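Coordinate inspection notes
If you want the building blocks of each chain, they are given just below.
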Amino acid sequence: MILLVTLAVPLAGALLLLLPGARFLPGDAAVRRYGVAVSGVTLLLALVTAAVFDHGEPHRMQQGVDWAWAPAIDLRFHLGVDGVSLPLVVLTALLTFLCFVHMVRHPPSGGPARLLTALVLVLEVGMLGTFLALDLLLFFVFFEVVLIPMYVVIALWGGAGRRAAAYKFILYTLLGSGVLLVGLLLVAVNAGTLDMVALAERHGGGLSRGVQITAFVLIGLGLAVKVPMWPLHTWLPDAHTEAPTVGSVLLAGVLLKMGTYGFVRIALPVAPEGAQVWAPWLGLLAVIGIVYGALACLAQRDLKRLIAYSSVGHMGFVLLGIATLTPVGVNAALFGNIAHGLITGLLFFLAGAVKERYGTGDLAALGGGMLTSAPRLAAFLTFASVASLGLPGLAGFWGEMLALLGAYRPDGGLPRETFVTFMAVGALGAVLTAAYFLRLLARVTHGPVAEDRRDAVLPAPTSSEYAAWVPLVILTLLVGLWPKLLLDLTTAPVRTLLGGG
Amino acid sequence: MIVLASLTILLPFAAAFAGMLLGPWASRRLGARPLPAASAGAPGSPGGPRTPDAQPPPGTPEETPVEVSAEAPTTPLPVARPETAPVPGGGPRSAELGRQVAGDMALRGLRHNGPALIACLPMAVSTVLALIVAVVVWREPGVRTGVLTSIPTGTIDIAVGLRVDGLAALVGLMVCCVALAVQVYSVAYMAKDPRYSSYTAFISLFTAAMLLVVYAGDLLVLYVGWEVMGVCSYFLIGHHWEERANSRAAVKAFLMTRIGDVGFLIGIFVLGIGAGTFSIGGVLARIPEMPQATVTAAALLLLAGVAGKSAQFPLHTWLPDAMAGPTPISALIHAATMVAAGVYVVARLYPVFLSSSAALTVLGAMAVVSMLGSALAALAQNDLKRVLAYSTISQLAYMAAGLAVGAQSAAIFHLVTHGAFKALLFLAAGSVIFVAGSNLLGHYGGLRRAMPVTFWSMTAGYAALVGLPPVSGFFSKDSIIEGARHAAAHGGMLSEQPQARGFAAYEPVGPGEPAAAFAHLPAGMAWLIYIALLVTVGVTAAYAMRAWLMTFFGEPRTTFEAREAPTLMTWPVAALAVPTALLGFFGLGAEELRPHLVSVGLSLLWAAAGVAVVYVLWNRDPALDPADRLGPLRKVLDRAFYVDEVYAALVVRPVQALAHMVAAADRRGIDAAVVSTAGWSRLAGGTLRRLQTGNAQTYLTALLAGVLLLVLGVVVLL
């Protein structure tokens, strides 16, 4: 029941904003506080969900809600949470809340605050719903709900090239969704049910090999656009670069995870034979993504674009973990999801702060010496970069390391030599990742302050910026130092999903 | 026991966090006053002028987990003295005026110096704990392990635990002692540095990471410490990041070691998956059952990480550049501890290497090239710190060579004595740099009288480096040479089984392990190592003599006020001179560490030759640099055989070119393809739109045509 309330609160919050502005919450400041309050309540509910979650049985679906919705097509309103989805639910609620907190003092310009608040709340409904849904069509509905608000956020509050970026984003992802829907329906028609739990328990039983292979490639392609997997990634740099800070944070922090979550929740358990066939190809594209993303980052000139391409590389590690079809690999993927959400969320907050202060994200125009001119901001940027390059002891490490470990010994049905090669290339990609982050730090934070910026006064981070950054820093440290926190949650359900018992 | 060891690690770890968050606040609470006049930016003085960015921070200092510095950099960028400007290298970059004063005041202000207290006190407690651990292990040898918890991964669990044996206890104690000496020394050396607070916190974090490597009971836990050390090294090398050169050196150090670490991590995977566990004890126990190919692959991969961390050929070029960091950092990280971690890991996993001839051969070859090459490079360096850096590479290669010929306890013995005497040499060099205001040998001269403590300590250090009796280096170096002689004389049979007793006691390879399972070193390689060791003694003697003479004898070559360094700096130096001088006698307790006549005679002969040549050259004209006599060779040695240039051409530039290609391809290729589909679909849309004329007749005709086609199709297919 609590899950239903968790979804209802942001939805009701968004609907209430339909009331005329003159009577309900006049003024932008009131609307922003309202956004903080609604998302805060949602976060509390997510935390309560985590608190009442039975950590002894993380593989069991808990807090289930299962109502008939459209009995004619056996469509059910089925929600539930297990160890796979719980961390993502909390991450979503947290990042949305932090976005609202950040907007209190740093509202993006471009449209009415009322609309933005409503859109982000609807976005939250879609994101939370995606991670909670246990019915294929319901999953698809929530998956799609996310698109429109994000499109509007980019198109109205974005940077100079926002229109083109928004079009590209929505056309790309809609195309992906179309393929995804066909795949889901193919599964549903052949298996005779839309229930994800039942489908996962069958492990492909009732679906012929041909259907599984087709279904995996269709579902996989649809999800891969969202991840994004190389070479379907080109919407991402534009969307990230043009989106306002909150848009980038939610896009990188949560939206990308919906793709990989879909792989773990639907594609792998529902069509295991298809997964066996396609896994080497998935692994290949993942590894190309790692190296390609890193190389592209090395040559980027814009801060936000660089972080966007770094996502391609990081999600490459997540996909590589999935492609191994082993519990450790899928664990790695889920860990990498959370870590990337925390770290890249932080990075985009910081990129936004840099852009706000310097008026540009161009690395050459930023000059150097940020540690002199804005020491605290530079210190946070250093922390986030070091976390993102996968330093052990911080969150980013475990996902990458476990993905490589999974690739060293992939599932028995997969070609081992191929995956060991993937592992070696991926590990070298990790070195390149370190290279571009250190290059970024050296260019921006080190060195003398540029001549023309010597006298510029850069404002210190505001309280709402600290409030948005510090929780992410603490969680990055916590998850990095104590990975057991997440791995205890995910290991059992991952084994169940993969059919390992 | 394990609890003590974990406390030893956790104390500096907590100190690191506390230092970063609370350092300046603690100073305020302790009642520090802004030091008069020149020291407005001194650590812990809260009243320093803040940069615009640091307008009254909205949160309390605790709220800001700042990575680099909790206090704002205050003073305008310090400018190096004109004559030192082009010198890459650390040193107190505060304005010359009042530096001495600040150094001396550091002692008196210690009570009020928050960051210093937060760093030094836990470190002192840790040292005591490490001492207790070492004494307990010494009295009751054996392996003690403890596991806090195990982390599920989906395959082999990670056991978060420690493993303390003689080797770990000994090295852990060495690390703590050097770290404590460096922390105390830094209080004075960095007294005027505005970022002292973050500097000292990173030293604490580094120490915790190194101790984690030393005490770790699980390979992946070890790897965590291994990498955290690397990042601390990165931050500390780049401590004076205002200069681009320092920043570049830091990046280079991190990336080169990380390249090796890729191999290291994969090596851990190979071992762990092969053995079915990541715990060190479990892995060592399963070595005999593992296929030869697996063990060899693992050992070779691990060696990549060892080469990176311990700065061995071909991944050695970062270490001389790393001298850009402040000198105490060079003493701690880039001489005594982190760079020794590679050698330590080989010793820790020694059975893995002993089971593979290929690995031992590669280790030996790596050692020979590094040893001789870097000793020759040290001969031609101008910068005192770079002399010591190349010397460190060379000495680490001695340890690696010792391990390659099976002289494990000798190698560890040398690791410990080297930790003492090289830390001493660096700290003393720091004092010299502090006083003379320059890193260049060519700027010193005649410091013997003004700096007696530094002079005598450094003399002991150089003697140990060369291996002159009776200081520590003599014993440890000769036991390695003796091990190599034994291996060479016996056609590559390794000299001794790792059954060391005394304080280097180490768990034997495994219960019931037959000695015949040990791999051989090819006889030729054993001879090569033996000869290289001896020749290097001569070269070492030569460069040590050159540095010693140019620093302390003759006439001063530039003007500076010659006086002894502040007390807080001379104490640690003098304290390190004690183990430098005496540590060697501990080796007499163990059979395999006692000096042998043949090796001693030969190496002393080589050392004498090296010393004599340099002395004769120098004595002709003490104002000149003896290395000038090398002629055209000087340039080659100074650039260390142009390895950097080769790497730039073969690796750095191709990667950069590739990166630009990818970035361009992404725009023009893939994205253009996607965008062009938009054009195509618009075209298609336009074509289709033309069909929708709104004319019912056209529609009907088309419909009929379609039906006809369908019917035809059905007929044909059926």
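In short, a report on the structure. (Residues numbered from 1 in each chain as written. Chains lettered and ligands numbered in written order. Predicted model: local features only at pLDDT ≥ 70, side-chain atom pairs only at ≥ 80, totals over all residues. Heavy atoms only, no water.)

1. Quick look at the overall build of chain B
Broken down by element type, chain B carries 24 helices and two strands. Counting all 718 residues of chain B, 60% fall into the buried class. Put simply, 82% of the contacts in chain B that link residues at least 6 apart link residues at least 24 apart. As displayed, chain B has an accessible area near 26,000 Å², and 71% of this comes from carbon and sulfur atoms. (Helix = DSSP H or I, 4+ residues; strand = E, 2+ residues; numbered from the N terminus. Buried < 20%, exposed > 50% of the residue type's maximum accessible area, 1.4 Å probe, protein only. Contact = heavy atoms within 4.5 Å. Areas by Shrake-Rupley, 256 points an atom, 1.4 Å probe, with all protein chains shown as cover.)

2. Focus: a nonpolar patch on the surface
On the surface, Leu478, Leu481, Trp482 and Leu485 of chain A together with Phe17 and Leu148 of chain B cluster together into a nonpolar patch covering about 570 Å² of accessible area. Along the chain, Leu485 of chain A turns up in helix α21 (residues 484-498). (Patch = residues over 30% accessible without salt bridge, like charges linked within 9 Å, V, L, I, M, F, W, Y side chains within 5 Å. Salt bridge = Lys/Arg side-chain N within 4 Å of Asp/Glu carboxyl O.)

3. Here's the deal with the environment of Ser39 of chain A
Residue and element names in this part refer to chain A. Examined against the element boundaries, Ser39 turns out to sit in helix α2 (residues 28-52). Assessed through its relative accessible area of 0%, Ser39 is described here as buried. Through-space distance from the C-alpha of Ser39 to that of Leu94 is 8.3 Å; in sequence the pair is 55 residues apart. Beyond its immediate chain neighbours, meaning those up to four positions away, Ser39 contacts Thr96, Phe97, Phe100 and Glu124.

4. Comments concerning the packing of aromatic side chains
Evaluation of the coordinates by the stated rule reveals 35 aromatic pairs over all chains. Judged by centre distance (6.2 Å) and plane angle (85 degrees), the rings of Trp69 of chain A and Phe77 of chain A are edge-to-face. By relative accessible area, which is 46% here, Trp69 of chain A ends up partly exposed. Overall, the relative accessible area of 18% leaves Phe77 of chain A in the buried class. Where Phe553 of chain B meets Trp618 of chain B, the ring centres are 6.5 Å apart and the plane angle is 80 degrees; that geometry is what we call edge-to-face. With Phe553 of chain B in the loop between α19 (523-552) and α20 (567-582) and Trp618 of chain B in helix α21 (residues 597-620), the pair connects residues that are 65 residues apart, well separated along the chain. Here the aromatic residues Phe455, Trp456, Trp548, Phe552, Phe553, Tyr615 and Trp618 of chain B are joined through ring pairs into a cluster of three or more. The residue whose ring lies beneath Arg416 of chain A is Tyr408 of chain A, and the NZ or CZ to ring-centre distance is 4.7 Å. Looking at Lys477 of chain B, its charged tip hangs above the ring of Tyr398 of chain B, at a distance of 4.8 Å from the centre. (Phe/Tyr/Trp six-rings, centres within 6.5 Å; stacked < 30°, edge-to-face > 60°. Lys NZ or Arg CZ within 6 Å of the ring centre and 35° of its normal.)

5. With respect to the interface of chain B and chain A
Between chain B and chain A, the residue contacts involve 66 residues of the former and 79 residues of the latter. Together, the buried faces of chain B and chain A total about 6,100 Å²; carbon and sulfur atoms form 73% of this surface. Summed over the shared surface of chain B and chain A, the result is zero salt bridges. Counting the contacts that link chain B with chain A gives eight residue pairs in polar contact (both at pLDDT 80 or more). Elements with a minimum of two residues in the side of chain B that touches chain A: α1 (2-29), β1 (144-151), α6 (219-237), α7 (244-275) and α23 (643-691) of chain B. (Buried area = accessible area lost by both parts, 1.4 Å probe. Polar contact = N/O pair within 3.5 Å; in protein donor to acceptor, adjacent residues only side chain to side chain.)

6. What about unusual backbone geometry?
Residue and element names in this part refer to chain A. Each neighbour pair has its own omega, and for Val227 with Pro228 the value is -5 degrees, a cis peptide bond. Among the structural elements, Pro228 can be located in the loop between α9 (209-226) and α10 (235-242). Residue Pro231 follows Trp230 across a cis peptide bond; omega there is 0 degrees. Structurally, Pro231 can be placed in the loop between α9 and α10.

7. Description of the layout of surface pockets
Of the voids in this model, the largest pocket is the one considered here, and its volume is about 1,600 Å³. What lines the largest pocket is a set of 50 residues, and nearest its centre among them are Arg248, Val251, Lys252, Leu255 and Val652 of chain B. Elements with a contribution of two residues or more to the lining of the largest pocket: α12 (272-298) and α19 (416-444) of chain A together with α7, α10 (318-321) and α23 of chain B. Among the elements that take part in the lining of the largest pocket, α7 of chain B stands out by supplying 11 residues, more than any other. Residues of the lining of the largest pocket, tallied by class, amount to 31 nonpolar, eight polar and 11 charged. Two domains each put at least three residues into the lining of the largest pocket: domain 1 (146-160 + 213-642) and domain 2 (643-671) of chain B. In this model, the second largest pocket occupies a volume close to 1,100 Å³. The wall of the second largest pocket is formed by 46 residues, among which Leu481 of chain A together with Leu10, Phe13, Leu212 and Val224 of chain B lie closest to the centre. Sorting elements by how many residues they give to the lining of the second largest pocket places α1 of chain B first, with 10 residues. (1 Å grid on protein atoms, 1.4 Å probe; cavity = no way out; pocket = protein on both sides within 12 Å on 5 of 7 lines; lining within 4 Å. Points joined across faces, edges and corners; volume = space filled by probe spheres on them. Nonpolar A, V, L, I, M, F, W, Y, C, P; charged D, E, K, R; others polar. Domains from an automatic or database assignment.)

8. Quick look at a positive patch on the surface
A contiguous patch of positive charge, built from Arg301 and Arg443 of chain A together with Arg244 and Arg248 of chain B, is present on the exposed surface. Tracing the sequence through the fold places Arg443 of chain A in helix α19. Taking relative accessible area as the criterion, Arg443 of chain A reaches 32% and is therefore assigned partly exposed. (Lys, Arg positive; Asp, Glu negative; His and termini not counted. Charge placed at Lys NZ, Arg CZ, Asp CG, Glu CD.)

9. Describing the side chain of Lys252 of chain B
Residues and elements named next belong to chain B. Here Lys252 shows up in helix α7. Polar side-chain contacts of Lys252 include one of 3.4 Å to the backbone oxygen of Thr317. Once residues within four sequence positions are removed from consideration, Lys252 is found in contact with Thr317, Trp318, Asp321 and Asp644.

10. Some details on the pairing of strand β2 (residues 75-81) of chain A
Residue and element names in this part refer to chain A. Counting buried residues in β2 gives six out of seven residues, a clear majority hidden from the surface. Here six bridges tie strand β1 (residues 62-70) to β2, and the two strands are oriented antiparallel to one another. Bridge pairing links Ala70 to Leu75 in β2. (Pairing = 2+ DSSP bridges.)

11. Observations regarding the pattern of salt bridges
What the rule picks out here adds up to 22 salt bridges over all chains. In this structure, the salt-bridge partner of Arg60 of chain A is Glu57 of chain A, at a minimum N-O distance of 2.8 Å. Here Glu57 of chain A falls in the partly exposed class, since its relative accessible area comes to 33%. One connected set of salt bridges, linked through shared partners, spans Lys252, Asp321, Arg386 and Asp644 of chain B.

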